[in-house]
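Commentary on secondary and tertiary structure
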Amino acid sequence: MQRPAPAPHSAATPWAAEGALPPLPELAARLAAASGRSRPEPVGGAPELHRAACDYWDRRGLRTDPDQVLAGAGGQPLLLALLAVGGGDVLLTRPSAAWYAPLARLAGRPTYHAPAPAPSGGVPDPFALLETVRRVRAEGGDPRVLVLAVADDPTGTVAPPELLHEVCEAAEAEDLLIVSDETWRDTVHPTATDPPPPATATGSPPRPGGAARPGPADGPERPVTGWPGETVVVSPAEMVPDRVVVLTDLAGAFTPPSWPAAIARLPASDRGAELHAGLLAALDAVRGELPAPVASAALHALREPAPVRARTAAAARAYGAVGGAAYDRLTDLGVLSRPPRAGHHLYVDLAELRGPLTRRGITDAVDLERHLTWRLGQPVPGGHRFGDTPDELRVRLSTLPLLGADDDQRLATLAARDPLEQPHVRAALTFLESAFSELTAD
C-alpha cells in the first residue's frame, strides 16, 4: 500500500519531518529539572558549559581552552553569525548540506561550489577548490570562507585524512577561513564485523568516529577507540589550527532536534579572538543564547556519562546496520550511492536508470523528489537542494525512519543485538526496495 505524502518540507531545515530518536531519559530529566529557571543563560554559554565543551574536544584530540568556546541555540544561528562576521564570499562543496547556502544568502555572502571527489562528500576536491578560488577572484569576487563537513550530510560519507590534508593546504595557501561542520562525527558507523553493543548502559563502551572513552582519568591524548577497522575522523583543526572554526550541532548525536544546542570551537589566535568578539555581538543582537533547560541537558550530554556513551554507540551501530542494508538493496537494483559511513543519510543517484524513469515522466531531481516523497511517505529531497543541478537524478534518503515508525520501535532497534532481525526494520527495508523496484523496472 502506498503511504500518503507528508506535509510540505524544506530540506534546508536539518531533520525536517524525518522524526528523531526519543530523548535519552537522563537528558530529559535534566531538561525538566531546569524548566523552572527564569534567568536566561549568558550569551555564548556559561563557563560550566564551556569547560564541558573543552573536555569533549580534548577527548577527541583537540586541546581547547574555555575562551575558544561559544554555544548557541543550534548550528544554524551559529553558522549564520560566523558567515556574517567572517566577511567575503563563501565556498561550499557540491553537494553540501542544504542549510549552508540559504544562511550565506541571509548573511549577504555570495556562494560558490567546488565538487567533491568520487569517494566522499563534504570536502571539495583540492584542485577544484583552487581553480574555483582563482576563477572567483578573477571575476572580482572575494572568497574568504570555506565550509566543509568531515562527516557529511547529505552523502553520509567521511573524508579520508589524506584528502582533508590536501584541502587544508589549499585553504591555507589561499588564506581561507575553514568552518568545519562536525555535527555527525560521533555517529560514524562501526563495521559489519564489529562486536554487538553492550547489553546494558553501564561501563565504558568504545566510541565510534575517533572519539575516546570518556572518563575522569582521560587526558588530552587520543586513546584507542576500540572499533575494529573503524572509519577515522580527523578534524582540519588538527592540521591548520589557526584558521579553523569547528561547529558541532548536538542534535547530530546527543539531543533531539527540538532542543536547539550547538557549540563552536574558535582558533587560539588573534583571528580567533576577533571572531569570538564578533560572534558574541551577533548572538547578543538576535537573542541567540541557549534556553536554560536545553543548556542543562547539553551540559550533561557533553560530559558523556555512561548512559550517553551507550546511547551514542547503539545509535551509530543501528544507523550503520540499517543504512548498509538499504545501500545493498538499492545497489542490487542499479541505484548508485556512496557507502554510508556516518549519520542516517544515503545520497543516491539514478542516472543509470534514466531510461525507465523518463518513460514514467521523471526527468530530473524535482520530479524524483516529488514521486519518492509521495511514494515513501517521508521527505526525500532532491539533489538540487544540496547544490547539484536539477537534471541530475539524485536524492537524499533518510534511513532514520527505517529504524521504526514510533519511539517504541526505534528503541527496540537500538537495543537489538542485530537491528536487521527486527520485523519492523525488515518490513521497512522491503517497502523501500519495492518503491525503487517500481521505478527501475522496464
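Here's a quick rundown of the structure. (Residues numbered from 1 in each chain as written. Predicted model: local features only at pLDDT ≥ 70, side-chain atom pairs only at ≥ 80, totals over all residues. Heavy atoms only, no water.)

Check the secondary structure of the chain and you find 13 helices and 10 strands. Relative to its full complement of 442 residues, the chain shows a buried share of 57%. In the chain, 73% of the contacts between residues at least 6 apart in sequence involve partners at least 24 apart. Approximately 17,100 Å² of the chain is accessible, and the part contributed by carbon and sulfur atoms is 54%. (Helix = DSSP H or I, 4+ residues; strand = E, 2+ residues; numbered from the N terminus. Buried < 20%, exposed > 50% of the residue type's maximum accessible area, 1.4 Å probe, protein only. Contact = heavy atoms within 4.5 Å. Areas by Shrake-Rupley, 256 points an atom, 1.4 Å probe, with all protein chains shown as cover.)

Moving on, we come to empty space enclosed by the protein. According to the stated counting rule, one finds 4 cavities of 30 Å³ or more in the structure shown. Approximately 230 Å³ is the volume attributed to the largest cavity. Around the largest cavity, the lining is made up of 24 residues, and of these L21, A251, G252, T255 and Y319 lie nearest the centre. (1 Å grid on protein atoms, 1.4 Å probe; cavity = no way out; pocket = protein on both sides within 12 Å on 5 of 7 lines; lining within 4 Å. Points joined across faces, edges and corners; volume = space filled by probe spheres on them.)

This part covers a negative patch on the surface. Taken together, the side chains of E162, E166, E169, E172 and D242 present a region of like negative charge at the surface. On the secondary structure map, E172 appears in helix 6 (residues 161-173). (Patch = residues over 30% accessible without salt bridge, like charges linked within 9 Å, V, L, I, M, F, W, Y side chains within 5 Å. Salt bridge = Lys/Arg side-chain N within 4 Å of Asp/Glu carboxyl O. Lys, Arg positive; Asp, Glu negative; His and termini not counted. Charge placed at Lys NZ, Arg CZ, Asp CG, Glu CD.)

This part takes up the environment of R37. You can see R37 is positioned in the loop between helix 1 (25-33) and helix 2 (47-58). R37 gets classed as partly exposed once you look at its relative accessible area, which sits at 41%. Taking the C-alpha atoms as reference points, R37 and P293, separated by 256 residues in sequence, lie 7.5 Å from one another. For R37, the contacting residues outside a window of four places in its chain are A292 and S296. For R37, the side chain forms a polar contact with the side chain of E41, separated by 2.3 Å. (Polar contact = N/O pair within 3.5 Å; in protein donor to acceptor, adjacent residues only side chain to side chain.)

Turning our attention to unusual backbone geometry. The omega torsion of the bond from R94 to P95 falls at -5°, within 30 degrees of zero and hence cis. Here P95 shows up in the loop between strand 2 (89-94) and helix 4 (100-106). Non-glycine residue D175 carries a positive phi angle of around 55°. In this fold, D175 is placed in the loop between helix 6 and strand 5 (177-181). The backbone of E304 sits at a positive phi, close to 55°, despite the residue not being glycine. Topologically, E304 is positioned in the loop between helix 8 (292-303) and helix 9 (306-332).

Read from one edge of the open sheet, 3 strands run 8-9-10, paired in antiparallel fashion. Pairing within the sheet leaves two strands with one partner each, and these edge strands are strand 8 (336-337) and strand 10 (394-398). Packed on one face of the sheet, helix 9 meets strand 8, strand 9 (345-349) and strand 10 and runs near 10° to strand 9. (Pairing = 2+ DSSP bridges. Axes fitted to C-alpha atoms, helices over the stretch in contact; angles between N-to-C directions.)

Time to look at the sheet that holds strand 2. Spatially, 7 strands are ordered 1-7-6-5-4-2-3 in an open sheet, and the strand pairing comes out mixed. Looking at strand neighbours, the two that pair on one side only are strand 1 (69-72) and strand 3 (111-115), the edges of this open sheet. Between one strand axis and the next, the sheet turns through 25° on average, direction left out of account. Pairing geometry for strand 2 and strand 4 (residues 143-149), over 4 bridges, is parallel. Looking at the pairing, L92 lines up with V147 of strand 4. Taken strand by strand, helix 7 (residues 270-285) contacts strand 1, strand 5 and strand 6 (244-249), and its axis lies near 20° from that of strand 1.

Two elements in contact, helix 11 (residues 365-376) and helix 13 (residues 423-440), have axes whose closest approach is 10 Å; the angle formed by their N-to-C orientations is 140°. Taken together, the axes of helix 11 and helix 13 are oblique relative to one another. The handedness of the crossing between helix 11 and helix 13 comes out as right-handed. Here L368, H371, L372, R375 and L376 of helix 11 lie close against helix 13, whose contacting residues are F431, L432, S434, A435, F436, E438 and L439. (Parallel < 35°, antiparallel > 145°, perpendicular 65-115°, else oblique. Left-handed = near helix turned anticlockwise from the far one by under 90°.)

On to the nonpolar core. W57, L129, L146, L148, I178 and L302 are the most contacted members of the largest nonpolar core, which totals 54 residues. Put simply, the parts of the chain that give this core at least two residues each are helix 2, strand 1, helix 5 (126-138), strand 4, helix 6, strand 6 and helix 8. In terms of residue count, the dominant contributor to this core is helix 8 (7 residues). Residues A315, V395, L429 and A435 belong to the second largest nonpolar core, which totals 35 residues. (Core = buried A, V, L, I, M, F, W, Y, C linked by side-chain atoms within 4.5 Å.)

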